Amino acid sequence: MKLNPAQQQAVTYVSGPCLVLAGAGSGKTRVIINKIAYLVQQCGYKARHIAAVTFTNKAAREMKERIAGTLGKGEARGLRISTFHTLGLDIIRREHKVLGLKPGFSLFDDQDTLALLKELTEDELLEDKDQLQQLIKQISDWKNDLVLPERAQRIAQGEKEVLHAELYARYRDHMTAYNALDFDDLIMIPTVLLSSNQAVREKWQDRIRYLLVDEYQDTNTSQYQLVKQLVGERARFTVVGDDDQSIYSWRGAKPQNLVLLGKDYPNLELVKLEENYRSSGRILKAANILIANNPHVYDKTLRANLNYGEPLTVVTANNEEHEAERVVATLVRHKFMNHAKHKDYAILYRGNHQARIFEKALMTNRIPYKISGGTSFFSRSEIKDIMGYLRVLVNPDDDNAFLRICNVPKRGMGPATLEKIGRLANRKQISLFAACFDPEIEQALPPQGAETAMVFTRWLVELGDRAQRGDTLEALKEMIRGINYEDHLYDTSPSPKAAEMRMKNVSELYRWITDMLEGDDLEEAMTLAQVVTRLTLRDMMERNNEDEESDQVQMMTLHASKGLEFPYVFLVGAEEGLLPHQSSLDEGNVEEERRLAYVGITRAQRELFFTLCKERRQYGEQLKCEPSRFLLELPQDDLVWEARQKKPSAEQRQQTGKSNIAMMRAMLNKK
DNA sequence: CGAAAGTGTATTTTT
DNA sequence: TACACTTTCG
């Protein structure tokens, strides 16, 4: 577990700003962990004065676990390891008074935002369907560039932008009324606050004396500024990143921030980690040669520490069904020959829709697989329901949450009733929840409706009070019991089995909540309000050890594979128009696609297979496919193009493919 | 309220 | 084309 000289340098350079260019598989997390330990144990930093920032909760959790194994319990006390958003949330929570926010604000996720904007724009731009998407993007862009509504209205150019700016202002006002924030606010608000308020800035600069940032190439403008404000003149920080693995520019990441940093901090120390400990020599060579086709600000070549290894294989299939069959056949044969496990294999693809066909092929061959990504836990309706209830408990003014849950399970507060409540709320400029409490509700609704609304909201207020007073767990239990949620699930699910599944999800969520309320070694106990916002940030303790133990073929998009590694990788759909994706080609952004291919290639430890089709159905039309230009850019001496006969006779090949599988299976079963 | 017909959409996704 | 999601109708 020794560090190589470059790693050592990255760890021990602490006197000023430091940029670590960390190639794939070069041990960057180890550098971050070691650096934190070094700062605490050698440089006399208190852990509570150090913060490390990541982009995903998963990365943050991993880092926390690894640091817990490195530092003593006392030594690690107060160490901040979190995502950008959680750090922002922390700052907002502690400064909510200065910001004029009530505690217990709601956090809107994308769907909440969409719902609110849809409502706000009903009159203005209903004609265009993607207008709304444009508006959402525009607002998000403004926030990420730290542009407040007032300034947006001043700088807006053209009719559309002026309208967008006005809607942005209206959106902000509504969010204030709901006492709600969105994800972008979690970065923008602290950044604006820190840059405009000297006292607060100094307080936080004193609190965070050393800052580390992971995956720096993924930062956007507001995140860049947040870092800048936090580190101040002293500029004691380390950022770690790899411009070759920047694959998120389409959602606002600015890899140029790596360059900007050198300009903002002329004394920036640059350390390159170029020793790769993950992949075979051939795989690395291929990756290096491929990425050399991209322009680079900082040159970097990964050096292999492992054997040269097997050649890379290119498998050509007739169509996408055939591709899946060949992958499965190759996988089964390979697994048998190498005594490997299912989980040693990954199938990586450009788009989620590609997964389906592989899923089918794996299923018919009874091969266990796991698809990462797709519909997340938190977009499940049962989870959204329960979260809705919790949000209303914490913040009754959260109309979105109220709308979601007020008639789930059905309690006679349907559209007609809501419409009337909504009118009252609108007239008095209060939230829906508050309207149910208003004396005028009795005139607004028929007696029965008014009764239901009042009983329901009073019950919630009472529960909310109880939760706040500290009897949180009991209040929660009573809530789930009180709404008869289990019955509701059995009533609304297509099968009892599905209902059971959903109830299991609810229990899982309940367990997370209880855990978070109580706290543990790594996390302090939280209030219900904190739990709700953290859950909206998807920041829960994922204790799914099952996943690691289970032996399944891994399937995911290339994007989702970043940061992971697998002994054997299938990079499928290596075709023009798919791996350099057509839409990227249209936008003239081949480079990002090349980086995506680079990320895919560098996931492989021992062997790498590419597959492509000669023909592929797209939008119901049979299209001819050309091999990806990236395949042609690779060193051909290290590639084996397998089975490229002119007349393959699809049926025959399918036959042999299948009988191969059957044969292997028979042999495996005997053993 | 639930089934049936209609509609929209096919790039990547976190927080 | 194929599928998910929405709306409509009985």
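Residues numbered from 1 in each chain as written. Chains lettered and ligands numbered in written order. Predicted model: local features only at pLDDT ≥ 70, side-chain atom pairs only at ≥ 80, totals over all residues. Heavy atoms only, no water.

- The name given to chain A in an unreviewed UniProt entry is ATP-dependent DNA helicase Rep, with the source organism recorded as Ferrimonas pelagia.
- According to its UniProt record, chain A has this under Function (unreviewed entry): "Rep helicase is a single-stranded DNA-dependent ATPase involved in DNA replication; it can initiate unwinding at a nick in the DNA. It binds to the single-stranded DNA and acts in a progressive fashion along the DNA in the 3' to 5' direction."
- In its Subunit (unreviewed entry) section, the UniProt entry covering chain A states "Homodimer." (UniProt positions renumbered as here; feature names shortened; annotations may be inferred.)

**Side note on the protein's contact with DNA strand B**
And step 1. Around DNA strand B sit 22 residues, and of these Asn57, Asp110, Arg350, Asn352 and Thr557 come closest.
And step 2. Here arginine 251 contributes a side-chain N or O atom positioned 3.2 Å from a sugar or linking oxygen of DNA strand B.
And step 3. Among the residues making up the surface near DNA strand B, the classes are represented as 5 nonpolar, 10 polar and 7 charged. (Near = heavy atom within 4 Å. Polar contact = N/O pair within 3.5 Å; in protein donor to acceptor, adjacent residues only side chain to side chain. Nonpolar A, V, L, I, M, F, W, Y, C, P; charged D, E, K, R; others polar.)

**Regarding helix α4 (residues 84-94)**
And step 1. With respect to burial, α4 is a largely interior element, 8 of its 11 residues being buried.
And step 2. Residues of α4 that are buried: Phe84, Thr86, Leu87, Gly88, Leu89, Asp90, Ile91 and Ile92. (Buried < 20%, exposed > 50% of the residue type's maximum accessible area, 1.4 Å probe, protein only. Helix = DSSP H or I, 4+ residues; strand = E, 2+ residues; numbered from the N terminus.)

**Quick look at unusual backbone geometry**
And step 1. In this model, asparagine 179 sits at a positive phi of 60°, which is unusual for a non-glycine residue.
And step 2. Overall, the relative accessible area of 5% leaves asparagine 179 in the buried class.
And step 3. The residue histidine 339 is not glycine, and still its phi comes out positive at about 50°.
And step 4. Following the sequence through the fold, histidine 339 ends up in the loop between α15 (320-338) and β12 (345-349).

**Structural notes on the packing of aromatic side chains**
And step 1. In the structure shown here, the tally under the stated rule is 13 aromatic pairs.
And step 2. Taken together, the aromatic side chains of Tyr389, Phe402, Phe433, Phe437 and Phe456 make up a single cluster linked through ring pairs.
And step 3. The aromatic ring of tryptophan 204 is capped on one face by arginine 207, whose charged end is 4.5 Å from the ring centroid. (Phe/Tyr/Trp six-rings, centres within 6.5 Å; stacked < 30°, edge-to-face > 60°. Lys NZ or Arg CZ within 6 Å of the ring centre and 35° of its normal.)

**Quick look at the pattern of salt bridges**
Once their charged atoms are close, side chains differing in charge can pair, the charge on each being opposite to the other.
And step 1. As enumerated under the stated definition, the model contains 45 salt bridges in all.
And step 2. Measuring nitrogen to oxygen at the nearest pair gives 3.1 Å for the salt bridge that ties aspartate 206 to arginine 209.
And step 3. Among the residues examined, aspartate 206 registers a relative accessible area of 41% and is labelled partly exposed.
And step 4. Between lysine 477 and glutamate 474 there is a salt bridge, with its nearest N and O atoms 3.6 Å apart. A residue pair is termed a helical-turn pair when its members lie 3 or 4 positions apart in one helix, as lysine 477 and glutamate 474 do in helix α23 (residues 472-482) at 3 residues.
And step 5. Look at lysine 477 and you get partly exposed, because its relative accessible area is 40%.
And step 6. Among the charged side chains, a salt-bridge network with shared partners connects Lys28, Asp214, Glu215, Asp218 and Lys562. (Salt bridge = Lys/Arg side-chain N within 4 Å of Asp/Glu carboxyl O.)

**Things to note about the environment of lysine 335**
And step 1. Its location among the elements puts lysine 335 in helix α15.
And step 2. On the basis of relative accessibility, which here comes to 16%, the residue lysine 335 falls in the buried class.
And step 3. When sequence neighbours within four positions are dropped, the list of residues in contact with lysine 335 reads Ala340, Lys341, His342 and Tyr345. (Contact = heavy atoms within 4.5 Å.)

**Here we look at the nonpolar core**
And step 1. Of all hydrophobic cores here, the largest spans 52 residues; its most connected members are Phe402, Ile421 and Leu509.
And step 2. Apart from residues no more than four positions distant in its own chain, phenylalanine 402 is found in contact with Val392, Met413, Leu418, Leu432, Phe433, Cys436, Phe456 and Thr457.
And step 3. With 36 residues, the next largest nonpolar core counts Ala253, Leu284, Val599 and Leu639 among its residues. (Core = buried A, V, L, I, M, F, W, Y, C linked by side-chain atoms within 4.5 Å.)

**Some thoughts on helix α26 (residues 528-536)**
And step 1. A large share of α26 lies buried, amounting to 8 of its 9 residues.
And step 2. Taken residue by residue, α26 has Leu528, Gln530, Val531, Val532, Thr533, Arg534, Leu535 and Thr536 as its buried positions.
And step 3. Arginine 538 sits one or two residues past α26 and shows a positive phi near 60°.

**Notes on the side chain of aspartate 638**
And step 1. Tracing the backbone through its elements, the reader meets aspartate 638 in the loop between α31 (629-633) and β19 (639-642).
And step 2. Overall, aspartate 638 belongs to the buried group, its relative accessible area being 2%.
And step 3. Once you skip the residues sitting within four places of it in the chain, aspartate 638 turns out to touch Arg282, Lys285, Tyr308, Pro311 and Leu312.

**A closer look at the UniProt feature "binding site: ATP" (unreviewed entry) in chain A**
And step 1. Under the UniProt annotation, the feature "binding site: ATP" (unreviewed entry) is placed at Ala22, Gly23, Ala24, Gly25, Ser26, Gly27, Lys28, Thr29 and Arg278. Across 257 residues of sequence, these annotated residues stay compact in space, with a maximum C-alpha separation of 13.5 Å.
And step 2. You can see glycine 25 is positioned in the loop between β1 (18-22) and α2 (28-41).
And step 3. The class for glycine 25 is buried, based on a relative accessible area of 17%.
And step 4. Once residues within four sequence positions are removed from consideration, glycine 25 is found in contact with Glu275, Asn276, Tyr277 and Arg278.
And step 5. Counting through the fold element by element, lysine 28 comes out in helix α2.
And step 6. Residue classification places lysine 28 among the partly exposed residues on the basis of a relative accessible area of 22%.
And step 7. If we ignore the near neighbours within four places in the chain, the residues touching lysine 28 are Ala22, Asp214, Glu215, Val240 and Leu273.

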